[in-house]
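Structural features, examined
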Amino acid sequence: MRRKMLLAAIMTLQIISVSGCWDYRDINSTAFPQLGAYDLHEESNTALGNLPSDEQQVDLTVVIPTVSPELESKFLIHKTSGLLIASARGQKTYSLPGEYSAGVASNIVFSEALAATGLNKVSDALSRGALNPHTENYSVSEGRAETILRVPIKDYPSMGDYLRMLIRSSNRRTFMPSTTLHQFEVDQNPGKNPVMPLLGIKDDKVMFSGAAIFKKDKMVGKANLNETQYLVMLRGIPSTGNLPFILNKEGKMSDIGSINVNNKRKVKVERNGDNFTFTISITLAGHLAEHSSEDLFTQNEELRTEIEDQVASDVTEGCNKFIKKMQDQYKVDCIDISKYALAKWRNELEDKVDKNFIENVDIKVDVKVKLENVGGES
Amino acid sequence: MKDKTGSTITTKQLIFIIVGSQVGIRFLFLPREVSAIAAEDTWLVVLLAAIAPIIIIFLIDRLGKRMPDMGFTQMSQALFGKFLGSLLIVLFVAYTIGFESLIVRIFSEVTKLYLLPKTPLPVVLFMYVFNIVYIGSKGARVIGRLNELLFYLLLANFLVLLIPLGAADYTNILPVGAAGWDGIARGTVMAIAYYAGVEILLVFYSLVNRKDEILKAGMIATAITTVLYVSIVIICTLVFGVAGMQHQLFPALILLKVVQIPVIERLEFIFLFFWLGMGARPAINMGFAASLSFTQLLKIDEKKYLPYMLMGVGLAIFIIALLPPDILIVLKLSEYAGYGFYVVGIAYPLIFYITALVRGEKVKQSA
Amino acid sequence: MKKPPRKPPVDDQAWKEEKQKIPESNLPAALEEKMQMLQPYLKKGADIITRPFYLEGEPRLAAVSIHLNKVIDDITLDQDILRPLMLSCRRESIQDLGDQNMMDAIYKTSITATKISKVNTFAALVQTIYDGLTVLLFDGLEEVLVIDIHGGEFRNIDAPPAENTMRGSREGFIERLDINIALVRRRLRDPNLVVEKTLVGRRTRTQVGILYIDDIADPQIVTKVKDRVNQMDLDGIVASGYVEQFIEDDPYSIFPQVFITERPDKLVAQLLEGRIAIIVDNTPLSFVVPALFVQFIQAPEDYYEKSFFSSYIRILRYIALLIAISLPALYIALLTYQPELIPYDLLISFSRARANVPFPVMVEALIMELIIQMVIEAGLRLPQQIGQTVGVVSGIILGQAAISAKLASPIVILIISISIICTYALPSASMVLTTRLLRLPIMLLAATFGLFGIAFGWVVVQAHLIGLESMGVPYFAPLAPMRYADLKDSFIRIFLRKMNQRPVSIPMQDRKRQGNDGKEPQQP
């Protein structure tokens, strides 16, 4: 009897399967976008009030690699508009045949304008999608994101590939922050704020031009490449990068060169009533990449100390300038130190930490440079 | 009274049966629900809640020692008289079936969400129910062996959860005790509901071949479950922070979306592949327990009728699991299931044990 | 016109038995009468040779030898039976011993053949003739002498064709049961080795030998095996496969529940582990019960090499088993249900490779799978010389042609070939067949439910395996129930010196098989 039961079950299963495989989608008719650009719709009416439901607020432009080998171009760019991102995606079905798999895009670029109005609402679609990973890299573009996408690119198969490789390896090679969807979401927690790399177009090439400072999900400022270096060091994002130095002796340049260092930071917070003092100790450890004087590095102990001191003082100066800018201009904790205060006095500070906190604390920076070796990776 | 097929399970298999019945699918949203009350101290709360299963196991063990060789049904009828005893058994079976339907429903929802979005819910449910009926009909021995084998196979799955530690931020879990006594107390009460599954010992007690080791086995099982739960909670807290956990429906699963490793780009699919396919053990164990109790209640020959009973139970599960219209109601129902656990899991052994103490010698003679 | 009423159907079974029954009557003493009774049988068989002769001495004692042609050793018949009886029987010394002792005296003094027995009923007489034994009928004596001098043409002991090994004996079983048993005895000289013979099949009357080591094997299992063999009630068996299918626990399962081997050394290893072997006459195979799943992944040379090599190769085989069963299904599931799981660059290149194939992935994979299975089947039937070439040629050409005709993408051909290779990496032919079959339902499940379907299929298969029993012994031990002591011989093969106990998975009496507890041999 058990056999009959098994047989019945198997037959039911077969009938079910014959009647349709509901989730079946064939891979060669599916579009796999590599890169997405989110923009504000040009003629959008962002005033509050009753918006008609086909109002369009965002543009979604994607780069999709083509599949058929007979085509000349390796990718196609497709743009649609919608109320928010998912509805923009929904509009794609009218002009893009086949299935659409949003979950494989590895990079999303937001325009400045869109970032200023708050990114949570456009990031929501990506975050909720069950099939999406949370490792997409977010970045902000100067100007419209769409233009970044459309910059013609000759040396790489598509802009998607280029940007993917650029952003993915960015913080291993230089002091540039990188944010993933997950990082962005986690940085909405009390006391944290995201930063994203800034992409710009220079000489017809897309390149990093700094960092975008966010207050929760709205962009509030930009930092240039120089300031981004200090931002990364202060924020404690582990990176490797190259720092030039100029040694002056008796008013003359005695040595110029650069060092490759990794950065590490430690933060201590002390409290005195309502005054908080943060001490950020940054350690830059690495090796000398090059220098111009004829003094032999291996024999000249002083040279090493001089270089270390010079770089340390340069970095300290830059950091302090940045901190001042952060407290006065941005008024937002983009260097991720409030969490240490929260770790100790969470109940008290939880509600206050995002308002008027970072502007009123003391931040001291202490930089140490250690040159351990000569040569090595640059 | 042993399972009439003569099948018994070893104490090691008992450990894995208990663990398998507890760690089902609800651990996926355990961090979210408990951290809503206990904030950063969720891990502490989950740890404290482990007291409950320990007490329950202790009570059941003492109960069983007083009346060895009695199946759950017999025990109930001997202690409370035929009518009340049978009623208690029926309630137990109803609780089990309800709990199982819930679990199967959650499993199906997660499957539909991540793996098979367009497949109709009854089809996915059918596949789970088929597993329950097929595996359960093979008897206690096979269930014990299956739990044992699957436990080892699926242990590696949990190691995968350690990978996101690279993105962890230790400040998220400090300071300890921020939730205050009130938060911790309420959180503990809520966390106890996640240890549901241990009451299965009531039915499986009589099937174990070496009864003197049951207490130790139960402790080990509780320890394993606690370690698993606490680790998941800690990792989730470290990676997401308390506020971040509230945004996601299944934080433990989103955990795996956070990092990418080469080749296998999507960890959560790998995890789900093993877990959904082979993880429906709570349902299987409970389905078997329910059918067994029912056959004992109706005093029919177990060996012959167990498959039919299981089919009946399977049908009931299928129908009940289809009832809730959406996932939010399902999650609400899981809260009620938690309350059910307080009754069946905690109150039942307590009542039984006290009654056994009170009625003392009389019961032993009538056994 | 009305049809004449049919005769009521005769009770078939009783009618058959009635027809087949040879009367069990006692034999008359006179030779003439005995020959008379045998006449109908002698007429039906032109290859029954009767040779009348007189025993040496006076008065003349007539005798007849009857045997089947070419089934016995003619030389032995002539030299050891007829010659002494006809020429040097020394009748005088036995003349007055009386009828009773005459028979004994005859064969104890005159016949130099070895295997002699007596029968005295007609049914037994006829059976023995057809069983290939030589019978001697004597005038005046009721009893008949039966001598076993099997001979005739048979295949030489040769390397077993299906189980090649690099290190190890090259002898394989042949069709003669006695010689097979001899091969085993040569390797296992333990006096506790029990050899029992029974007959199976009413018409074929095939001899079946059951071998086991008395003080190791579990007596309950032995009894069970013997009972099942004796309960086989059928016309005849042609090969051991019949016996297998009758004594296995679960005929509905696709997993083999008996372990087949063609090699005596493998068989002896199994016997030493407390298992029971059955050898069937006329089949050069033996099979062993109880069988465990892990056996089908083990090969004998695992024990002849060092532990590291064997462990590595064993793990390779397990991986091969997994790949063989699920790789095509995984391909289907990933490409159609979860493309996000595939790394992005690979994904795009797969898309591009499949761009022009009109079929959906499932159909493509299924077509290639079926074609490859047919190639394999055809390869089995082709004669040796062209079999190899055709296999290679068809594989390459088919693959290439399919790609050019855009019927399949290169990936699917690669996938199917890899899984076929992995299938044949398994050392046991029965498991190869199982794998070939098991692939298809898992592919179907993958095509319907994607990864979830594969996981579901595995669970069902696992549950089935766990519940399967071979002669009452759980099939999937040592993995479930987990016999921790045996794990050291399942995935890896631990050092021989540490394998002190016999496998715990099989019930048996005497556990200890090694003496020195894994210690290093002592320095002198």
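None of the values given here were measured: they were computed from a predicted structure.

1. Re the overall build of chain A
Looking only at helices and strands, one finds 11 helices and 15 strands in chain A. For chain A, the proportion of its 378 residues judged to be buried stands at 53%. Expressed as a percentage of contacts within chain A between residues at least 6 apart in sequence, the contacts between residues at least 24 apart total 67%. Per element, the accessible surface of chain A, about 18,000 Å² overall, is 50% carbon and sulfur.

2. Things to note about the overall build of chain B
The number of helices and strands found in chain B is 15 helices and zero strands. Computed over C-alpha atoms, the radius of gyration of chain B comes to 20 Å, within 12% of the 21 Å expected from 2.2 N^0.38 for 367 residues, which places it in the range of a compact globule. On the principal axes, the C-alpha backbone points of chain B span a range of 60 × 45 × 35 Å. In chain B, which comprises 367 residues, the share counted as buried stands at 64%. If you take every contact in chain B between residues at least 6 apart in sequence, the share linking residues at least 24 apart comes to 84%. When the accessible surface of chain B is summed, it comes to about 12,600 Å², and 71% of that surface belongs to carbon and sulfur atoms. Of the side chains in chain B, 29 bear a positive and 21 a negative charge, and the two mean positions are spaced by 9 Å.

3. Looking at the packing of helix 1 (residues 11-22) of chain B against helix 7 (residues 140-160) of chain B
Residues and elements named next belong to chain B. Between helix 1 and helix 7, whose axes approach to 8 Å, the crossing angle comes to 70°. Taken together, the axes of helix 1 and helix 7 are roughly perpendicular relative to one another. Contact residues: helix 1 offers Lys-12, Gln-13, Phe-16, Ile-17, Val-19 and Gly-20, while helix 7 offers Ile-143, Gly-144, Arg-145, Asn-147, Glu-148, Phe-151 and Tyr-152. Here the residues of the contact of helix 1 with helix 7 sort into six nonpolar, four polar and three charged.

4. Overview of the sheet that holds strand 3 (residues 116-119) of chain C
Either a parallel or an antiparallel arrangement is found when strands of a sheet pair, and the pairing is made through backbone hydrogen bonds. Residues and elements named next belong to chain C. Reading across the sheet, the five strands line up as 1-2-4-5-3 and stay open at both edges, with antiparallel pairing between neighbours. The strands lining the two open edges of the sheet, one partner per strand, are strand 1 (48-54) and strand 3. Each strand of the sheet is rotated relative to its neighbour by a mean of 25°, with strand direction disregarded. Across seven bridges, the pairing between strand 1 and strand 2 (residues 62-68) is antiparallel. Residue pairing across strands places Ile-48 opposite Leu-68, the latter belonging to strand 2. Across the sheet, helix 3 (residues 74-87) is in contact with strand 1, strand 2, strand 4 (134-138) and strand 5 (144-147); its angle to strand 1 comes to roughly 25°.

5. A closer look at the interface of chain B and chain C
How big an interface is tends to be stated in terms of the accessible area lost upon association of its parts. Contact residues are listed per partner, giving 35 residues for chain B and 30 residues for chain C. Surface buried jointly by chain B and chain C totals about 2,900 Å² across both partners, of which 74% is contributed by carbon and sulfur atoms. Of all residues in chain B, Met127(B), Arg145(B) and Phe273(B) give up the largest surface area on contact with chain C, accounting jointly for 24% of the area buried on that side. The tally of links from chain B across to chain C stands at one salt bridge. The salt bridge partner of Glu469(C) is Arg141(B), with a shortest N-O separation of 3.3 Å. Between chain B and chain C we count three residue pairs in polar contact (both at pLDDT 80 or more) in total. Of all elements in the fold, only helix 1, helix 5 (72-114), helix 6 (121-136), helix 7 and helix 12 (267-278) of chain B reach the threshold of two or more residues within the side of chain B that touches chain C. Per-element accounting of the side of chain B that touches chain C gives the leading share, nine residues, to helix 7 of chain B.

6. Quick notes on the packing of aromatic side chains
Per the stated rule, a full pass over the model turns up 39 aromatic pairs over all chains. Ring geometry for Tyr128(B) against Phe452(C): centres 5.4 Å apart, planes inclined by 45°, an arrangement best described as tilted. With Tyr128(B) in helix 6 and Phe452(C) in helix 16 (residues 429-467), this pair bridges two chains. Each member of the pair Tyr128(B) and Phe452(C) is classed as buried. Residues Tyr195(B) and Tyr229(B) carry aromatic rings whose centres are separated by 5.4 Å and whose planes lie at 65° to one another, so their mutual orientation is edge-to-face. With a gap of 34 residues between them, Tyr195(B) in the loop between helix 8 (180-192) and helix 9 (201-204) and Tyr229(B) in helix 10 (residues 214-247) connect regions that are remote in the sequence.

7. As for helix 6 (residues 122-130) of chain C
All of the buried residues in helix 6 of chain C are Phe122(C), Ala123(C), Leu125(C), Val126(C), Thr128(C) and Ile129(C). Packed against the buried residues of helix 6 of chain C are helix 2 (31-44), strand 1, strand 2, strand 3, strand 4 and strand 5 of chain C.

8. Quick word on the interface of chain B and chain A
Across the boundary between the two partners, chain B contributes 41 residues, which contact 34 residues of chain A. For the pairing of chain B and chain A, the buried interface totals around 3,000 Å² over both sides, and the portion due to carbon and sulfur atoms is 59%. Three residues stand out in chain B for area buried against chain A, namely Lys118(B), Lys257(B) and Arg266(B), and they jointly supply 17% of the buried area on that side. The tally of links between chain B and chain A comes to zero salt bridges. Our count for the contact surface shared by chain B and chain A stands at five residue pairs in polar contact (both at pLDDT 80 or more). Mapped by element, the contributors of at least two residues to the side of chain B that touches chain A are helix 5, helix 6, helix 10, helix 12 and helix 14 (302-322) of chain B. Ranked by residues supplied to the side of chain B that touches chain A, first place goes to helix 6 of chain B with six residues.

9. Observations concerning a nonpolar patch on the surface
A surface patch of nonpolar side chains, about 450 Å² in accessible area, is lined by Leu350(B), Ile351(B), Ile354(B), Leu357(B) and Val358(B). Mapped onto the elements, Leu357(B) comes out in helix 15 (residues 327-366).

10. Looking at the domain arrangement of chain A
Residues and elements named next belong to chain A. For chain A, the assigned domains read domain 1 (27-223) and domain 2 (236-378). Between the C-alpha centres of domain 1 and domain 2 there is a distance of 32 Å. Domain 1 puts 19 residues into the contact, and the matching count from domain 2 is 23 residues. In total, domain 1 and domain 2 occlude about 1,500 Å² of area from one another, counting both sides; carbon and sulfur atoms represent 59% of this.

11. Things to note about the pattern of salt bridges
Going through the model one piece at a time under the given rule, you end up with 37 salt bridges over all chains. The residue Asp61(B) makes a salt bridge to Lys65(B) at a minimum N-O spacing of 2.9 Å. In this pair, Asp61(B) and Lys65(B) both sit in helix 4 (residues 51-66), four residues apart, roughly one turn of the helix. For Asp61(B), a relative accessible area of 2% corresponds to the buried category. Taking the relative accessible area as the measure of exposure, Lys65(B) reaches 47% and is therefore partly exposed. A salt bridge links Arg263(C) to Asp265(C); the shortest N-O distance between them is 2.6 Å. When sorted by exposure, Arg263(C) lands in the same class as Asp265(C), which is buried. A network of salt bridges, in which partner residues are shared, links Asp39(A), Lys79(A), Arg144(A), Glu146(A) and Arg150(A).

12. Examining the pairing of strand 10 (residues 205-215) of chain A
All names here are of chain A. Note: strand 9 (residues 195-202) against strand 10, eight bridges, orientation antiparallel. Note that in strand 10 the partner of Met-196 across the bridge is Ala-212. Where strand 9 hands over to strand 10, the hairpin turn is made up of two residues, of which Asp-203 adopts a positive phi near 55°. As defined by bridge partners, strand 10 adjoins strand 11 (residues 218-223) across five bridges and the pair is classed as antiparallel. Following the sheet pairing, Ile-213 is matched in strand 11 by Gly-221.

13. Side note on unusual backbone geometry
Between Val289(C) and the following residue, Pro290(C), the backbone shows a cis peptide bond with an omega angle of -15°. Within the secondary structure, Pro290(C) sits in the loop between strand 10 (286-289) and helix 11 (307-336). Phi is positive for Asp203(A), which is not a glycine, with a value near 55°. In this structure, Asp203(A) sits in the loop between strand 9 and strand 10.

14. Quick look at the sheet that holds strand 14 (residues 275-291) of chain A
All names here are of chain A. Here we have four strands laid out as an open sheet, ordered 12-13-14-15, and mixed in their pairing. Since the sheet does not close on itself, it has two edges, and those belong to strand 12 (240-249) and strand 15 (362-374), each with one partner. Here the average twist between neighbouring strands, direction ignored, is 35°. As judged from the 10 bridges shared by strand 12 and strand 13 (residues 252-272), these two strands associate in the antiparallel manner. Bridged to Thr-240 within strand 13 is Asn-262. Across the sheet, helix 9 (residues 225-235) touches strand 12, strand 13, strand 14 and strand 15, and the angle it forms with strand 13 is around 40°. Packed onto the sheet, helix 10 (residues 301-330) meets strand 12, strand 13, strand 14 and strand 15 and runs at close to 150° relative to strand 15.

Reading the values: rules and limits
Every chain is numbered on its own, with residues counted from 1 as its sequence reads. All chains are assigned letters beginning with A, and all ligands numbers beginning with 1, in the order in which they are written. Whole-chain, interface and lining totals are the exception, using all residues; otherwise, since this is a predicted model, local features are given only for residues with pLDDT of at least 70 and side-chain atom pairs are given and counted only at 80 or more. As a convention, hydrogens and water are excluded, and side-chain values are obtained from all of the structure's heavy atoms. Runs of E in the DSSP output that reach at least two residues are strands. Runs of H or I that reach at least four are helices, and both are numbered from the N terminus. Exposure categories follow from relative accessible area, calculated using a 1.4 Å probe and restricted to protein chains: below 20% of the type maximum is buried, above 50% is exposed, and the middle band is partly exposed. Contacts are assigned to residue pairs that have any heavy atoms within 4.5 Å of one another. All accessible areas in this document rest on Shrake-Rupley with a 1.4 Å probe, and a residue is counted as covered only by the protein chains that are shown. This radius of gyration counts C-alpha atoms alone. The globule rule is 2.2 Å times how many residues there are, raised to the power 0.38. Neither His nor the chain ends contribute to the count of charged residues, in which Lys and Arg are positive and Asp and Glu negative. Charge coordinates come from a single atom per side chain, which is NZ of Lys, CZ of Arg, CG of Asp or CD of Glu. Fitted lines through C-alpha atoms serve as axes, helices being fitted only where they are in contact, and the angles separating the N-to-C directions of these axes extend from 0 to 180 degrees. Comment on the angle field: the value is read as roughly parallel under 35 degrees, roughly antiparallel over 145, roughly perpendicular from 65 to 115, and oblique elsewhere. Ten residues, namely Ala, Val, Leu, Ile, Met, Phe, Trp, Tyr, Cys and Pro, are considered nonpolar, four, namely Asp, Glu, Lys and Arg, are considered charged, and the remaining ones, Gly among them, are considered polar. Note on pairing: DSSP must find at least two bridges between two strands before they are called paired. A quick way to say it: buried area is the sum, across both parts, of accessible area lost when two parts are put together, with a 1.4 Å probe. Here, a salt bridge means any Lys or Arg side-chain nitrogen found within 4 Å of an Asp or Glu carboxyl oxygen. Whenever a nitrogen or oxygen atom comes within 3.5 Å of another N or O atom, the pair is scored as a polar contact, on the condition that within protein one atom can donate a hydrogen and the other can accept it, and that pairs from neighbouring residues in sequence are kept only if both atoms are in side chains. Ring pairs shown here join Phe, Tyr and Trp side chains whose ring centres sit within 6.5 Å, with only the six-membered ring taken for Trp; geometry is labelled stacked below 30 degrees between planes, edge-to-face above 60, and tilted in between. A patch consists of residues exposed above 30% relative accessible area that lack any salt bridge, with like charges linked at up to 9 Å and nonpolar side chains (Val, Leu, Ile, Met, Phe, Trp, Tyr) linked at up to 5 Å. Domain start and end points were adopted from an automatic or database domain assignment.

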